[in-house]
Amino acid sequence: MSTAINAQNVILPAGSAKLGTREYDVRLNSSPDVVSQLNDMPIKWVNGAMVYIRDVAYVRDGAGVQTNIVRNNGRHGTYMSVLKNGNASSLTVVNEVKAMLASIKPSLPASLDVQLLADQSIFVRSSISGVVREAVIAACLTALMILVFLGSWRSTVIIATSIPLAILCSIMGLAALGRRST
């Protein structure tokens with residue numbers, strides 16, 4: 001039956017017609033204008049008689065069975081998830097979404113309450129600060145070990161500056177290759 005509906009319900013792009021200063025859409029499709037017309041679509045010939053959709057099913061305009069409900073503080077709501085692709089920066093996406101929401105909020109009706117329910121950038125920022133903190137601790141401990149075991153301030157300063165420089169050079173290399181750090 002779905003094959004018959006797909007064969008009868010063809011929507012072909014037809015374009016538009018510009019007449020004077022107006023542009024009109026040109027519709028060339030066999031899609032019915034009213035849902036009840038789907039009942040009159042033929043499926044196939046059986047024993048010299050046409051079988052219509054109304055003979056095997058009844059088509060009506062209705063919603064599917066609800067399988068999920070969004071509630072926030074006990075009130076119905078709508079949930080929209082924004083996901084980034086692999087090449088985007090999590091922090092950039094979150095900052096741009098927040099800026100977009102701030103710019104459109106004044107134009108929304110007062111009864112519409114738009115809220116951010118989850119913010120992944122909190123975890124990303126926390127991870128970045130944790131990595132920076134651990135890198136500083138590692139550099140300090142390495143410099144301390146060099147100073148204690150070699151007793152040379154010169155070697156300690158060289159090691160203490162070469163570790164951050166190596167990290168900075170690797171970040172610059174990744175940026176030159178088009179890789180983002182967050």
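Presented here is an overview of the structure given in this document. (Residues numbered from 1 in each chain as written. Predicted model: local features only at pLDDT ≥ 70, side-chain atom pairs only at ≥ 80, totals over all residues. Heavy atoms only, no water.)

**Description of the overall build of the protein chain**
In terms of regular secondary structure, the protein chain is built from five helices and eight strands. What you see in the protein chain, going N to C, is helices and strands ordered as α-β-β-β-β-β-β-α-β-β-α-α-α. Classification of the 182 residues of the protein chain by burial places 9% in the buried group. In the protein chain, of all internal contacts separated by at least 6 residues, the share reaching a separation of at least 24 is 31%. Summing over all exposed atoms, the protein chain offers an accessible surface of approximately 14900 Å²; the carbon and sulfur share of this is 60%. (Helix = DSSP H or I, 4+ residues; strand = E, 2+ residues; numbered from the N terminus. Buried < 20%, exposed > 50% of the residue type's maximum accessible area, 1.4 Å probe, protein only. Contact = heavy atoms within 4.5 Å. Areas by Shrake-Rupley, 256 points an atom, 1.4 Å probe, with all protein chains shown as cover.)

**A look at the pairing of strand β5 (residues 42–46)**
Here four bridges tie β5 to strand β6 (residues 49–52), and the two strands are oriented antiparallel to one another. If you follow Lys-44 over to β6, its bridge partner there is Val-51. The antiparallel hairpin formed by β5 and β6 contains two residues in its connecting segment, where Asn-47 sits at a positive phi of about 50°. (Pairing = 2+ DSSP bridges.)

**Focus on the pattern of salt bridges**
A complete count under the given rule lists two salt bridges for this structure. Residues Asp-40 and Arg-54 are paired through a salt bridge, measuring 2.6 Å at the closest nitrogen-oxygen approach. With a gap of 14 residues between them, Asp-40 in the loop between β4 (28–29) and β5 and Arg-54 in helix α2 (residues 53–56) connect regions that are remote in the sequence. Among the residues examined, Asp-40 registers a relative accessible area of 45% and is labelled partly exposed. (Salt bridge = Lys/Arg side-chain N within 4 Å of Asp/Glu carboxyl O.)

**Description of helix α3 (residues 90–104)**
Given 3.6 residues to a turn, an α-helix orients residues that are three or four positions apart in the same direction. Between its first and last C-alpha atoms α3 spans 21 Å; for 15 residues at 1.5 Å apiece the expected length is 21 Å, and the two agree. Listed as buried for α3 are Ser-90, Leu-91 and Val-94. Down the axis of α3, the sector holding all buried residues measures 100°, keeping them to one side. Of the exposed residues in α3, those oriented more than 90 degrees away from the buried face are Glu-96 and Met-100. Turning to α3, the residues buried within the fold contact α4 (121–150). (Expected span 1.5 Å × (residues − 1). Arc of directions from axis to C-beta.)

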